[in-house]
Amino acid sequence: MSTLEETTEQILQLASGHFHVPREQLRPEDDFFKTLGINSLQALDLLTHIEQHFRIELPDYELQGVSDFRTLAERIQSRL
Amino acid sequence: MKSFQGGAISWKAADGVIELTLDHAPCNEIGSVTLEELERFAEAMGAIEHECHALIISSSRKEGFCAGADLRELYRRGQSLAPGARVAQVRDFLERIHGVLNRLDASPLTTIAAVHGVTFGGGFELALACDLIIADKMARFCFPELRLGLIPGFGGIPRLKRDLGNGVVRDLLLTGRSINAAKAQTAGLVSQVVAEGDALRVARTTASQLKKFDREAAATAKRFIKPIPREELRREIDLFCELFARPAVEAGLRKFVESTDALPYLP
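The model shown is predicted, which means the values in this text are computed figures rather than measured ones. (Residues numbered from 1 in each chain as written. Chains lettered and ligands numbered in written order. Predicted model: local features only at pLDDT ≥ 70, side-chain atom pairs only at ≥ 80, totals over all residues. Heavy atoms only, no water.)

Take the overall build of chain A next. Helix and strand content of chain A: 4 helices and 0 strands. Listed N to C, the secondary structure of chain A is α-α-α-α in terms of helices and strands. The C-alpha atoms of chain A give a radius of gyration of 11 Å, which matches the 12 Å a tight globule of 80 residues would have. In chain A, buried positions account for 49% of the 80 residues. (Helix = DSSP H or I, 4+ residues; strand = E, 2+ residues; numbered from the N terminus. Rg over C-alpha atoms; globule rule 2.2 N^0.38 Å. Buried < 20%, exposed > 50% of the residue type's maximum accessible area, 1.4 Å probe, protein only.)

Here it is, written out as structure tokens:
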């Protein structure tokens, strides 16, 4: 199973590729709404990519109150 | 009339296939303009469906297929009305959209919803009225109505119950969570999951295949396997209106309309 750091890194790579933001501009503690400049619909896109990449189901209510990559990785980690 | 270009939808019939396209910013929310144009389409279907075998419904909005009812319009239009008149207005809207969706459901054509992105609430219900759902792998399905103190009102519950096991129906309705296309296919909602941007192309290919079949046999098969749950659809309208009459719903609608939350589409 991946470590939290590895999961975080995979999310950062995914977000970087999908939203065309250089990986080096993204940090685990960043607010992904602000850093990626995304709205709620794009957040759903990110969620779908995450579910496909990690082969998990992540109910969107799990994202309530989550805005940084590291916490997102923790939510994913609990379903791996 | 074999084609129509409106402010929210357009459609054309060619080579035995009717293609209806939703195109109303931001994400095809169903308000009065869309409803009026869908009613025009439903009326026109009688004259053209005898020479067609399939209907494809898709969206040209990049955000998705349809984000559901136009809650902003619903809230705005209700503001000048007394509570009783507000409910009457909603009931009228529901009766009319049910008329359209029942017409689609009962059409002898094989109907295909080619969906991508957001397919929420009334958009999901529109897709459920179709015979086949072909989904882009990035499509997401959701019934978020409980957030507003409501239930789906465009026939969603009876049609979901018709198609799925009760456990999945309860999950979708009672958690209000969205599910992706793969999960929707596993649940039995979606017939094909296709690559990003490919849903309409695959729907067209599927429609071409349907052309090979006897029209009467296809219509008979559809009537046999897909009965319209009319009694439950009526009951859904009544329940929706009972819930809508509560002050909590107006407060929920106001909160949604005035929300600056970054996640208005999440439960």
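Next comes the rest of the description.
What follows deals with the sheet that holds strand E8 (residues 132–136) of chain B. All names here are of chain B. Read across the sheet, 7 strands follow the order E1-E2-E3-E4-E6-E8-E11 without closing on themselves; strand pairing throughout is mixed. Both edges of this open sheet fall to strand E1 (3–5) and strand E11 (192–194), since each of them pairs with a single strand only. For this sheet, the mean inter-axis angle between neighbouring strands, taken without regard to orientation, is 20 degrees. The sheet strands contacting helix H1 (residues 32–48) are E1, strand E2 (9–14), strand E3 (17–22) and strand E4 (54–59), and the helix crosses E2 at an angle near 15 degrees. (Pairing = 2+ DSSP bridges. Axes fitted to C-alpha atoms, helices over the stretch in contact; angles between N-to-C directions. Contact = heavy atoms within 4.5 Å.)

Residue and element names in this part refer to chain B. Its volume calculated, the largest pocket comes out at about 660 Å³. Along the walls of the largest pocket sit 39 residues, with Gly68, Ala69, Asp70, Leu71 and Leu74 positioned nearest its centre. Those elements that place two or more of their residues in the lining of the largest pocket are H1, helix H2 (71–78), helix H3 (83–106) and helix H4 (122–128). Take the lining of the largest pocket: its biggest share by element is 6 residues, from H3. When grouped by side-chain class, the residues that make up the lining of the largest pocket number 21 nonpolar, 7 polar and 11 charged. (1 Å grid on protein atoms, 1.4 Å probe; cavity = no way out; pocket = protein on both sides within 12 Å on 5 of 7 lines; lining within 4 Å. Points joined across faces, edges and corners; volume = space filled by probe spheres on them. Nonpolar A, V, L, I, M, F, W, Y, C, P; charged D, E, K, R; others polar.)

Looking now at the pattern of salt bridges. All names here are of chain B. Tallied over the entire structure, the rule returns 29 salt bridges over all chains. The closest approach of N and O atoms between glutamate 95 and arginine 234, which form a salt bridge, is 2.9 Å. Taken together, the residues span a long stretch of sequence, with glutamate 95 in helix H3 and arginine 234 in helix H10 (residues 230–244) at a distance of 139 residues. Exposure remark for glutamate 95: the relative accessible area of 30% places this residue in the partly exposed category. Residues joined in a network through salt bridges with shared partners are Asp105, Asp131, Arg159, Arg162, Asp163, Lys222 and Lys226. (Salt bridge = Lys/Arg side-chain N within 4 Å of Asp/Glu carboxyl O.)

Residue and element names in this part refer to chain B. Burial analysis of strand E6 (residues 110–115) places 6 of its 6 residues in the buried class, which makes it a mostly covered element. The pairing of E4 with E6 spans 4 bridges and is parallel. Among the inter-strand pairings, alanine 54 is bridged to a residue of E6, identified as threonine 110. The pairing of E6 with E8 spans 4 bridges and is parallel. Bridging from a neighbouring strand, valine 115 pairs with alanine 135 of E8.

Once that is clear, we can look at the interface of chain B and chain A. Taken together, the contact pairs 17 residues of chain B with 18 residues of chain A. The junction of chain B with chain A conceals about 1700 Å² of combined surface from both sides, 60% of it contributed by carbon and sulfur atoms. If you look at where chain B meets chain A, you find 3 salt bridges. We note a salt bridge from glutamate 57 of chain A to arginine 177 of chain B, for which the minimum N-O separation is 2.5 Å. Linking chain B to chain A there are 7 residue pairs in polar contact (both at pLDDT 80 or more). (Buried area = accessible area lost by both parts, 1.4 Å probe. Polar contact = N/O pair within 3.5 Å; in protein donor to acceptor, adjacent residues only side chain to side chain.)

Further remarks concern the state of the cysteines. In a disulfide, the sulfur atoms of two cysteines are covalently bonded to one another. Residues and elements named next belong to chain B. Tallying each qualifying case throughout the model produces 0 disulfides over all chains. The structure places no disulfide on cysteine 52, whose sulfur is separated from the nearest cysteine sulfur, that of cysteine 130, by 15 Å. Cysteine 27 provides the cysteine sulfur closest to cysteine 142, a residue in no disulfide bond, and the two sulfurs are 12 Å apart. Accessibility expressed as a relative area gives 0% for cysteine 142, which makes it buried. (Disulfide = S-S within 2.5 Å.)

All names here are of chain A. Considering all chains together, one arrives at 7 aromatic pairs over all chains under this definition. Between phenylalanine 32 and phenylalanine 33, the ring centres sit 5.1 Å apart and the planes meet at 40 degrees, which makes this aromatic pair tilted. Feature note: the residues Phe32, Phe33 and Phe69 constitute an aromatic cluster, connected by ring pairs. (Phe/Tyr/Trp six-rings, centres within 6.5 Å; stacked < 30°, edge-to-face > 60°.)

Within chain B, residue pLDDT values average 93, and 97% of them lie at 70 or more. As a predicted assembly, this complex carries a pTM of 0.93 together with an ipTM value of 0.84. (pLDDT = per-residue confidence, 0-100.)

Within the largest apolar cluster, 66 residues are counted, with the highest numbers of intra-cluster contacts made by Phe141 and Leu189 of chain B. Leu47, Phe54 and Leu72 of chain A together with Val118 of chain B belong to the second largest nonpolar core, which has 31 residues in total. (Core = buried A, V, L, I, M, F, W, Y, C linked by side-chain atoms within 4.5 Å.)

Remark on secondary structure: sheet strands pair via backbone hydrogen bonds, oriented parallel or antiparallel. Judged by pairing direction, the sheet is mixed, and its 4 strands sit side by side in the order E5-E7-E9-E10 (chain B) without closing on themselves. One side of each edge strand has no neighbouring strand; the edge strands of this open sheet are strand E5 (64–66) and strand E10 (179–180) of chain B. Relative to strand E9 (residues 140–142) of chain B, strand E7 (residues 118–120) of chain B runs parallel, the two being bridged by 3 bridges. By the bridge assignment for E9 of chain B, valine 118 of chain B is matched with arginine 140 of chain B. Across the sheet, helix H3 (residues 40–54) of chain A lies against E7, E9 and E10 of chain B, angled at about 115 degrees from E9 of chain B, the strand it touches most.

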